[in-house]
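# Residue-level structural notes
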Amino acid sequence: MLKAVILIGGPQKGTRFRPLSFEVPKPLFPVAGVPMIQHHIEACAQVPGMQEILLIGFYQPDEPLTRFLEAAQQEFNLPIRYLQEFAPLGTGGGLYHFRDQILAGGPEAFFVLNADVCSDFPLSTMLDVHRHQPHPFLLLGTTANRTQSLNYGCIVENPQTHEVLHYVEKPSTFVSDIINCGIYLFSPEALKPLRDVFQRNQQDGQLEDSSGLWPGAGTIRLEQDVFSALAGQGQIYVHLTDGIWSQIKSAGSALYASRLYLSQYQLTHPERLAKHTPEGPRIRDPDVKSQSLPSLNQMWFGVFAPRSSLLLLGNVYIHPTAKVAPSAVEHTCVLHSIVGWGSTVGRWARVEGTPSDPNPNDPRAHMDSESLFKDGKLLPAITILGCRVRIPAEVLILNSIVLPHKELSRSFTNQIIL
């Protein structure tokens, strides 16, 4: 018997997804045509012996999340429950707080997945590795270049046994080119070190607060409090993958993650790819065989849409003469952009952003999760139109973020339009 836990965080996170996160919680943001965490749930549901999937976070259980969970339970025929934290408890605090629910039924192991990652999720392979040589913690790792490795949790392994000898979260100098993917397989014994951290936090807090009710005791960081502390003690191992993987920290990285998933859909989900039909999109580029459509419900009128260029979110209207392309402009051009729900882009308008894709010449490069601002200025990035934005004819929007319900009358470059 197996279980899975998906850590979805809460509303204080996801600020780099604004203004889109005003409309939908980040875990439900569409990536390649389905909510972000549906990719996680699909991967977990395919593992033999999976009995339950738990979501842990501190979002309020609102209507969109409730509807999604109900639909997911029916689709995958698995119990899927949301466990709400009373406060942000870190990446490990929720696991310890809800330990009884996780261990109910006596699972032999449980997966833990961060919601804000894109991957092909080699969970069955991880399970085989774990069963061959059981240990409390098994981490999924991949490689990064020396510069970008500083932005992740870095793993030093024994190349023969794959034991994690040293772990540093976002080091200041180069430690290793093996990085943590945020996808784990834990034995039930893995909760014992979390208990030790909780008790230590409680003791430390009592020194500062004689009431013994220090609220920070429940906050546990898996990476710093557990992995770093236990590395080299024979409890943590790593499994390296060369499959697709990326963090999803911003709207721009969601666009890149969509492209990664779409590249696999021909094999994994061909039903999600658009077909040439009289009512469907006109796919004219020989290099673009398909485009993700389900759950987006956009209104396409002869739009040429290379899958690397844009993401349309629900009831979007682009002028019938539009051409969305990375080269020539024909009437309307939309590229490297996310167009929000219920928005309109008029004739002869141009909505364009600057992608921050990984270096294509470096196979170990990953998406950079840089700040939107530098020296008080908005950095060039993809253009984001919030919900129900109206871009009239002959307007240029370049490297800008447009908040919801705006109707623009002139061009903007590198601005947040309030």
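To start, this report covers the structure provided alongside it. (Residues numbered from 1 in each chain as written. Predicted model: local features only at pLDDT ≥ 70, side-chain atom pairs only at ≥ 80, totals over all residues. Heavy atoms only, no water.)

### Regarding the overall build of the chain
Along the backbone of the chain there are 8 helices and 27 strands. Looking at the 418 residues of the chain, the share that counts as buried comes to 54%. Contacts in the chain between residues far apart in sequence, at least 24 positions, make up 64% of those at least 6 positions apart. (Helix = DSSP H or I, 4+ residues; strand = E, 2+ residues; numbered from the N terminus. Buried < 20%, exposed > 50% of the residue type's maximum accessible area, 1.4 Å probe, protein only. Contact = heavy atoms within 4.5 Å.)

### As for unusual backbone geometry
Even without being a glycine, N77 presents a positive backbone phi close to 55 degrees. You can see N77 is positioned in the loop between α2 (63-76) and β5 (80-84). Here N414, not a glycine, exhibits a phi torsion of approximately 50 degrees, which is positive. Along the chain, N414 turns up in the loop between β26 (412-413) and β27 (416-417). Classification of N414 by relative accessible area gives partly exposed; the value is 28%.

### Brief notes about the nonpolar core
Grouped burial of nonpolar side chains is what soluble globular proteins tend to show. With 65 residues, the main nonpolar core has M50, I53, L55, F111 and L123 as its most contacted residues. Per element, the largest residue contribution to this core is 9 residues, and it comes from helix α8 (residues 251-268). Apart from the residues lying within four places of it in its own chain, the contact partners of L55 are I6, I8, I37, L69, I80, R81, Y82 and L83. Grouped together as the second largest cluster of nonpolar side chains are 31 residues, Y96, V197, L222 and V238 included. (Core = buried A, V, L, I, M, F, W, Y, C linked by side-chain atoms within 4.5 Å.)

### Points about the sheet that holds strand β19 (residues 350-352)
One open sheet accounts for 4 strands, arranged β16-β19-β24-β26; its pairing is parallel. Both edges of this open sheet fall to β16 (333-335) and β26, since each of them pairs with a single strand only. Pairing of β19 with strand β24 (residues 396-398), which is carried by 3 bridges, proceeds in the parallel orientation. In the sheet register, E352 faces β24, and the bridge partner there is L398. (Pairing = 2+ DSSP bridges.)

### Some thoughts on helix α5 (residues 123-132)
All buried positions along α5 are accounted for by L123, M126, L127 and H130. End-on, the buried residues of α5 take up no more than an arc of 100 degrees, which puts them together on one face. Along α5, exposed side chains directed more than 90 degrees from the buried face belong to D128 and H132. Along its buried surface, α5 packs onto β1 (2-9), α1 (36-45), β6 (109-114), β8 (137-143), β11 (178-186) and β12 (236-240). (Arc of directions from axis to C-beta.)

### A closer look at the side chain of S337
On the secondary structure map, S337 appears in strand β17 (residues 337-339). Taking relative accessible area as the criterion, S337 reaches 0% and is therefore assigned buried. Here V351 takes part through its backbone oxygen, which lies 3.4 Å from a polar atom of the side chain of S337. (Polar contact = N/O pair within 3.5 Å; in protein donor to acceptor, adjacent residues only side chain to side chain.)

### Topic: the pairing of β5
Of the strand pairs in this sheet, strand β4 (residues 50-57) and β5 are connected by 5 bridges, and their pairing is parallel. In the sheet register, I53 faces β5, and the bridge partner there is I80. Each parallel crossover has a hand, and the one from β4 via α2 to β5 is right-handed. (Right-handed = clockwise from strand over helix to strand, strands pointing away.)

### Notes on the packing of aromatic side chains
By the definition in use, this model includes 9 aromatic pairs. Taken together, a centroid distance of 5.8 Å and an interplanar angle of 80 degrees make the contact between F110 and F186 edge-to-face. Taken together, the positions of F110 in strand β6 and F186 in strand β11 put the pair 76 residues apart, joining distant regions of the chain. For the pair F137 and F186, a centre-to-centre distance of 5.0 Å together with 75 degrees between the ring planes defines the contact as edge-to-face. (Phe/Tyr/Trp six-rings, centres within 6.5 Å; stacked < 30°, edge-to-face > 60°.)

### Some thoughts on the side chain of E157
Relative to the helices and strands, E157 is located in strand β9 (residues 153-157). A polar atom in the side chain of E157 sits 2.9 Å from the side chain of H162.

In short, geometric facts, not functional conclusions.
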